[in-house]
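The chain contents come next:
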Amino acid sequence: MRTTSLSDFLARRDARAKQQGLVFTAEMREALQNKGARRTAEKRAALRRIEERCAEAGVKPLKAQY
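Predicted model only: the values in this text are computed from it and were never measured.

Peer 1: Any chance you could explain the overall build of the chain here in plain terms?
Peer 2: Regarding its fold elements, the chain presents three helices and zero strands. Along the chain, from the amino end to the carboxyl end, the secondary structure elements read α-α-α. Expected size for 66 residues packed as a compact globule is a radius of gyration near 11 Å; at 15 Å, the chain overshoots this value by more than 25%. Considering only C-alpha atoms, the chain reaches an extent of 40 × 30 × 25 Å along its principal axes. A burial count over the chain gives 9% of its 66 residues as buried. Positive and negative side-chain charges in the chain, numbering 16 and 8 respectively, have mean positions lying 5 Å apart.

Take a look at the structure:
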């Protein structure tokens, strides 16, 4: 199994999109995000715990909608 950082994954994604002529604008990124409307209570709780752990560690969490 290969692990990769989120920043590396996003950079490769953006490079592939650029090769195909796609440009990820802020509006496009917003439209593609999962809004969480069908998220389970367990998933919402997990996202809250992640956010709390990031705050304790002094790391800015990724934007989560829950």
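From this point, things continue past the structure.
Peer 1: Teacher, can you tell me more about the pattern of salt bridges here?
Peer 2: Pairing is possible between side chains that carry opposite charge, provided their charged atoms lie close to one another. One pass over the structure, following the stated rule, counts one salt bridge. A salt bridge links Arg13 to Asp14; the nearest nitrogen and oxygen atoms lie 2.9 Å apart. With a relative accessible area of 22%, Arg13 lands in the partly exposed category. The class for Asp14 is partly exposed, based on a relative accessible area of 28%.

Peer 1: What am I meant to see in a nonpolar patch on the surface here?
Peer 2: Where nonpolar side chains cluster on the molecular surface, the patch consists of Leu6, Phe9 and Leu62 and spans about 300 Å² of accessible area. Relative to the assigned elements, Phe9 resides in helix H1 (residues 6-19). Take Phe9: its relative accessible area is 39%, and that puts it in the partly exposed class.

Peer 1: Explain the confidence of the model for the chain here, please?
Peer 2: Any region with low pLDDT has predicted coordinates that should not be read closely. Chain-level pLDDT for the chain is 85 on average; 95% of the residues reach the 70-or-more range. Taken element by element, the chain is modelled with least confidence in helix H2 (residues 26-32), mean pLDDT 80, and with most confidence in helix H3 (residues 41-57), mean pLDDT 91.

Scoring rules and cut-offs
Residues numbered from 1 in each chain as written. Predicted model: local features only at pLDDT ≥ 70, side-chain atom pairs only at ≥ 80, totals over all residues. Heavy atoms only, no water. Helix = DSSP H or I, 4+ residues; strand = E, 2+ residues; numbered from the N terminus. Rg over C-alpha atoms; globule rule 2.2 N^0.38 Å. Buried < 20%, exposed > 50% of the residue type's maximum accessible area, 1.4 Å probe, protein only. Lys, Arg positive; Asp, Glu negative; His and termini not counted. Charge placed at Lys NZ, Arg CZ, Asp CG, Glu CD. Salt bridge = Lys/Arg side-chain N within 4 Å of Asp/Glu carboxyl O. Patch = residues over 30% accessible without salt bridge, like charges linked within 9 Å, V, L, I, M, F, W, Y side chains within 5 Å. Areas by Shrake-Rupley, 256 points an atom, 1.4 Å probe, with all protein chains shown as cover. pLDDT = per-residue confidence, 0-100.

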